[in-house]
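# Examination of the molecular architecture
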Amino acid sequence: MRTETPPTVRLADYRPSDHLIDRVELDVRLDPRDTRVTATLALRPNPAGRADAPLVLDGDDLTLLGLALDGEVLAPEAYRADASGLTLPDCPQRAFTLRIETRLDPTANTKLMGLYRSSGVYCTQCEADGFRRITYFLDRPDVLSVYTTRIEADRESAPVLLGNGNPVEAGEIPGTGRHYAVWHDPLPKPAYLFALVGGRLDRVTKRFTTMEGRDVALAVYVEPGKADRAAYALDAVERSMIWDEQAFGRAYDLDVFNVVAVSDFNMGAMENKGLNIFNDKYVLASPETATDVDYAAIEAIIAHEYFHNWSGNRVTCRDWFQLCLKEGLTVFRDQEFSSDMRSRAVHRIGEVRTLRARQFPEDAGPLAHPVRPKQYAEINNFYTATVYEKGAEIVRMLRTLIGEAAFRAGMDRYFADNDGRAATVEDFLKAFEAVTGRDLTRFAEWYECPGTPRVAVSGHYDAAARTYRLDFRQTRPGAGADAPPLIIPISLGLVGPDGPLDQATSDRVEDGVFVLDAAEDSLTFTNVAAEPVPSLFRGFSAPVRVEISLDDAARLTLLRHDPDSFNRWEAAQRIATGLITAQVRGTTTEAAGAERFVAALGAFLDAEALRDPAFAAQVLALPSEGDIADEIGQAIDPDAIFRARRDLRRRLGAGLRDRLLTLRETLAEPAGAAFSPDAASAGRRALRNAALDLIAAADPAAGIALAQEQIAAATNMTDRLAALSTLALLPGTARETALAAFAERYASEPLVLDKWFAIQATIPEDGTIERIRQLREHPAFAMTNPNRVRALIGSFSLANPTQFNRLDGAGYDLVAETILALDGTNPQVAARLMTAFGPWRRLEAERRSLAEAALRRIAATPSLSRDVTDIGTRSLAG
Ligand SMILES: [Zn+2]
């Protein structure tokens, strides 16, 4: 690496701040190029810090204009200041105030961290360390302060001025065309939760009364003219508030709650206190522009950010190593919310699909890290599937282990003990130890170990004794022989040829859960009338890989009779995975297995498709190419996987054709029916569209005709986009005509054009790279907008395995050149793109060396950002 390796921050080195900031008064005079920020900080030595320590404030890209201590301008020799920090070597060892004036250029801020402008709207993003780009500060989550913010701006271009907390004052500045607003947030918070917004925005509003009787004004702010697309998000805010009161006893604590949608945003959304700022993709929705998947994502992310008000804001993190404390817990909370709003079984399948698609590969590659990392070079690279999704799975396992009632009591205790504090994972577990009397020390190991554990299971039936024994053995990848075994909750049961074997019992299974806490263990069921099929890890009760040799007949028994919906879906997935991997490995010799699977799915559809279309759609959706690659694990050949998966889709489409056509007829909405994004309606659309996909796989001509018909008749984006996606896989003029018509229809809708970019980026054909190069020149594409980059380049790298991993290296080249082009302006998004190279070592030899060469080329480029350097270093290490 030519670039200097970034310094490493270690959890073991944590020590409290030497100073605290009790109060912050900010005066922000907004201007597109010359914003002035005056920060008045009430500082004092931290009793828990070092005595006589100098004051060292963080900064990033700052210009200092003035500095005064207790009202006295400081002489230049009394401090050292540069763009990246401000030090007072001999600061007073008592309480004092520091007044700091800085100058910012929000228009030039392309990193989208700190204060920036997005389509003319001033907004901020301060997590993880963006506040230091606004003023010099103790920019760390364990320094909590009470903020008062005065925002001033031109009235014409920024009539709306929003801050954290409650509004206290607003007015004109006579004769200047400017106005101001003052906001006060009474609850102490770390700087990463600071936010302000100034701009021309429309809004929708609602009032909500909390269970404590507080009257709260809710508002969702959007770009002018788009208020009619904000209603669903506003409704989701209200439902989230009600749910958190009912499920966790948590009420909202300010007089206003504002959500603002902006078009240029690095992440999904941000939970700033009382002022959530969102990527507009996760707010704006209308039937014409948003799919069912978009509606569900908006509901989930609105809920997620709102739930942070308690799990993240009221109780925050001591340091960034504890990120999972707020993220894993809050993902768990939003998953529970969505499960209550929708079908729990179908939602659980979606959660596990996401975990396997994103977290399992991460955990098996060079970027693997514990849910609570022990060190980092760039914290922005740790907003990962491991911290979020695996973090949520740990909370879920905890609930399974101790039960619902104890879990709720533990959560109450956690909030009560840590309200207003910056907490740690240990504080979290301590609350559950207090209410259950259990020692969770060994369970805590889940936070410390990277890699996906494996659990090997074998079953042994004794017909004479009518007993069934299950032997379990757990292993952890890369862990030494002395690594302690994990505590793994295994929700399980036995299924016989005619249904669940409820009369079979084991004294080691309590409420359907066996806890595996040793490296090896066994349990025996008695009163087992017939040889059973074990149904293990029901509801995906632990984030592990399960190794068990079950034949397809046994799996079909689970698909038919398992009372656990997740495991029914899993049974179909495992059969499909087996069929596809057998073909990839060249070990398949007969088509009978595939035909039996087709017949079983046919019977399943006959019995259940109309009863639960959403679940049926999940059962019909084959494992993705990424799932198969993850299963194969080494010497991965994406082309072979693609072909094998395509062949199975064709078989399903041909074998189920008549049923699928009938289902499409039966599930069609009656003409003139109003669109509703509810789960049941979305489920019917999902099954119709899954049917279309399979029919087209087997019979392209029929697929084209049906897709064209569907586009012509579509009354919503879900159906229109599904048909376009089907066409996208079928080369020819029908596809190109449909793509052109779609682009014309939505020429002024950037978020919809993102879908159009993504569909084309994922076409698994040789011409796709040239197509992407042309799309980069499209007037709607902009490298400065993260959503556009993710739609075109991110989709290509993550969801087009055959083209990204081309044998001529052109796919790697395209992504590498994008990373380098982006790194100077937006390193966070560049680094995120680079994670697509994560699984490179698991590829077959030729692709592996091409991918490595691309990674080394990026890493050897001079003046790389810390973000990209960090991903490069870790990807190539070892
Ligand atoms: Zn979050």
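Up top is the structure these notes are about.
Here's what I pulled together on the structure shown here. (Residues numbered from 1 in each chain as written. Predicted model: local features only at pLDDT ≥ 70, side-chain atom pairs only at ≥ 80, totals over all residues. Heavy atoms only, no water.)

## Quick word on the coordination of the zinc ion
Within the protein, the atoms that donate to the zinc ion are His 304 (NE2), His 308 (NE2), Glu 327 (OE) and Glu 327 (OE), at distances of 2.0 to 2.7 Å. Of note is the zinc ion, whose four donor atoms meet at the metal with angles of 53 to 153° in an arrangement that counts as irregular. Taken in sequence order, the residues that donate to the zinc ion follow the motif H-x3-H-x18-E. Taking relative accessible area as the criterion, His 304 reaches 7% and is therefore assigned buried. (Donors = N, O, S within 2.8 Å, 3.2 Å for Na, K, Ca; no water. Tetrahedral: all angles 85-135°; square planar, octahedral: opposite > 155°, others 65-115°. Buried < 20%, exposed > 50% of the residue type's maximum accessible area, 1.4 Å probe, protein only.)

## Re the sheet that holds strand β33 (residues 545-547)
Strand pairing in a sheet relies on backbone hydrogen bonds, with the paired strands running either antiparallel or parallel. One open sheet holds the four strands; their spatial order is β31-β26-β25-β33, and the pairing between them is mixed. Each edge of the open sheet carries a strand with a single partner, namely β31 (520-525) and β33. Neighbouring strand axes in the sheet, compared pairwise and without regard to direction, differ in orientation by 25° on average. In this sheet, β33 lies alongside strand β25 (residues 454-462) in parallel orientation, the contact comprising three bridges. If you follow Arg 454 over to β33, its bridge partner there is Arg 545. (Pairing = 2+ DSSP bridges. Helix = DSSP H or I, 4+ residues; strand = E, 2+ residues; numbered from the N terminus. Axes fitted to C-alpha atoms, helices over the stretch in contact; angles between N-to-C directions.)

## Re the environment of Ala 434
Within the secondary structure layout, Ala 434 lies in helix α7 (residues 425-436). The exposure class of Ala 434 is partly exposed, given its relative accessible area of 43%. In this structure the C-alpha to C-alpha distance between Ala 434 and Asp 562, which are 128 residues apart in sequence, comes to 37 Å.

## Some remarks on the sheet that holds strand β5 (residues 63-69)
Reading across from one edge, β6-β5-β9-β3-β2-β12-β15-β14 is the order of the eight strands in this open sheet, with mixed pairing throughout. Single-partner strands in this sheet number two, and they are β6 (72-73) and β14 (166-173). Pairing analysis gives seven bridges linking β14 to strand β15 (residues 178-189), with the strands arranged antiparallel. In the sheet register, Asn 166 faces β15, and the bridge partner there is His 184.

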